Amino acid sequence: MAGTDLGPAGTRPSRELRAASNELAGLDALDTHQGARTSLRRVLSGKVLPPAVAVALVLTVWQALTWARITDDYMLPPPSAVWHSLSDLWFRGTLLDVVWTSVWRGLSGFLLALAIGTPLGLLVARVKFVRAAIGPILQGLQSLPSVAWVPPAVLWLGLDDSMMYAVILLGATPSIAGGLVSGIDQIPPLFLRAGRSLGATGLRGARHVVMPAALPGYLAGLKQGWAFSWRSLMAAEIIASSPDLGLGLGQLLESGRETSDMARIFLAIVLILLVGVVVDLLVFGPLERRMLRRRGLRP
Amino acid sequence: MATALINAEHTTALARAVRIEHVSKSFPGPAGPQSVLDDISLDVAPGEFVTILGASGCGKSTLLNLVAGLDTPTAGAVTTEGRPALMFQEHALFPWLTAGKNIELALRLRGVAKNDRRPEAERLLELVRLGGAYGKRVHELSGGMRQRVALARALAQDSRLLLMDEPFAALDAITRDVLHGELTRIWAETGLSVLFVTHNVREAVRLAERVVLLSSRPGRVAKEWTVDIPQPRRIEDADVAELSVEITEHLRGEIRRHGWH
């Protein structure tokens, strides 16, 4: 059984080792991919140009419709009237205040929902009893329009900021917790086995394996949570306007309705839309891209 | 005299990397409990390389899970010295960490101090000849490189026992061949005990000092071979081929037994 054809002992191992080393290096070199960086020009033509064209197109159609006088100006104000409304607010110095009031409420409410939704999601995903007890309710709450919470919140908390936060919280927490639960449910079992065999159990497992592995679902939940926060806040601001409350975008919209100022209504809608898009673009977009790129799920 | 004898027995009892004693495992099935492993006894000596060979359904992976402590036997006992390191067919590296950080996580969970982790991770990467791969993302590595990082991560657990669940099954033949050489080298350098599960007879003979053939449904130890072909071996060596043919005959016999009913 012993190998007699191996030649003198000692020569083969070293030659063997060198050959193996070269083979390994060759395989590694052949198998390694080179990633290409995208140039600024390609980013501009691929990412900036298309939305710019779309916006220009919408503005053109809008302007054309007002020129064609399909309806009265107070029903469909021209883009210029909306622009005047904007510059009017700007010169009165209230524009940034109005936007900031809403953004501040939205973001702080969202962060609060994040702080509550994350442990809640972890609990629902990892503890069977909790899942059985409140899992379905959490699921149901995600489809409940958060406007429904405005009347009880007004009655319970009165017309002040705490009522806004309550509505945001009730709107966003189920999405954030639900996103984390589905993120955890989608973790490949292999990661959990690997984590356990490395000794990552309990809280250490949650921190080093479960949370990072669930990040894609969690991030999707956060994105939806932000959208729900913003929506809930706008609903609350439109319904609950009171002099005690600072003037936010929802109140701006409502004041436009009260004074039949369609240009102001349009302006408020555009600003609400813009805040949503900008937060998505500046916060969640980069986070998501970074995560996907790190994990090789996107070039 | 008597005490010396007891001590000697005591040390030999401890000097087993793995001791599997009359282990049975059954899982609940539609028609009562389904026996997967039946009365398996098997020891692995410190520094020994043992492959467990069997067709599908022989419970190889179940056995390895029991040894790894990820599952408990229905009857019998498994003892290992310390917690074994485990390597899977898929690399199971965490894609949110770089190659180096994957290894550092294992070190951290083992309790290695923060400042010592990076040099140790780099030493382990050198050991699997991936010195430059510290900052590489998992997706940037080829299949063979990923398995080597996974091996480095398993070695980072500083266990005296390495369990391998068909770790090269998903690789192409050339890469697998080269990694066999690497594993043999690292085994010789580190003096680890290895329990390696495979369905590939040639792989089993190429690597192991001892090959254990399991029968299927339920898994029992069917036969054992001691492989005394000197290392380094090659998968195409005549001796390896000769023994592989013999073992394959037995493996086929085991499979044929299931053709009757």
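Refer to the preceding data block for the structure.
Quick summary incoming for the structure in this document. (Residues numbered from 1 in each chain as written. Chains lettered and ligands numbered in written order. Predicted model: local features only at pLDDT ≥ 70, side-chain atom pairs only at ≥ 80, totals over all residues. Heavy atoms only, no water.)

### Brief notes about the packing of aromatic side chains
Definition in use: Side-chain rings of Phe, Tyr and Trp (the six-membered ring for Trp) are treated as a pair once their centres are within 6.5 Å; stacked means planes under 30 degrees apart, edge-to-face means over 60, and tilted covers the remaining angles. Numbered from the N terminus, helices here are DSSP runs of H or I no shorter than four residues, and strands are runs of E no shorter than two. In this scheme, a residue with accessible area under 20% of its type's maximum is buried, one over 50% is exposed, and one in between is partly exposed, where area comes from a 1.4 Å probe on protein chains only.
Tallied over the entire structure, the rule returns 11 aromatic pairs over all chains. Note on F110 of chain A and W226 of chain A: the rings are 6.1 Å apart at their centroids and 90° apart in plane angle, and the pair reads as edge-to-face. Note that F110 of chain A is positioned in helix α4 (residues 95-126) and W226 of chain A in helix α10 (residues 215-239), a separation of 116 residues in sequence. Here F110 of chain A and W226 of chain A have matching classes, each one buried. Their ring planes at 85° and their centres at 5.7 Å tell us that F191 of chain A and W96 of chain B sit as a pair that is edge-to-face.

### A few points about the pattern of salt bridges
All names here are of chain B. Operational definition: Should a side-chain nitrogen of Lys or Arg be within 4 Å of a carboxyl oxygen of Asp or Glu, the pair is scored as a salt bridge.
One pass over the structure, following the stated rule, counts 20 salt bridges over all chains. Ionic pairing is found between R129 and E182, a salt bridge with its closest N-O pair at 2.7 Å. Of this pair, R129 sits in the loop between α4 (114-127) and α5 (143-156) while E182 is found in helix α6 (residues 173-190), placing the two residues 53 residues apart along the sequence. For R129, a relative accessible area of 23% translates into the label partly exposed. Using a relative accessible area of 3% as the deciding quantity, one classes E182 as buried. Put simply, E189 and R185 hold a salt bridge, and the shortest N to O gap is 3.0 Å. One end of the pair is E189 and the other is R185, both in helix α6 and four residues apart, which spans about a single turn. Where salt bridges share partners, they join R129, E182, R185 and E189 into one cluster.

### Describing a positive patch on the surface
Threshold: Note that patches include only residues with greater than 30% relative accessible area and no salt bridge, and the join distances are 9 Å for like charges and 5 Å for nonpolar side chains (Val, Leu, Ile, Met, Phe, Trp, Tyr). Residue burial considers only the protein chains on display, and all accessible areas are found by Shrake-Rupley using a 1.4 Å probe. Only four residue types enter the tally: Lys and Arg on the positive side, Asp and Glu on the negative side; His and the chain ends are excluded. Charged groups are reduced to one reference atom each: NZ for lysine, CZ for arginine, CG for aspartic acid, CD for glutamic acid.
Side chains of R204 and R207 of chain A together with R83, R108 and K114 of chain B sit close together on the surface and give a patch of like positive charge. Checked against the element boundaries, R207 of chain A lands in helix α9 (residues 202-213).

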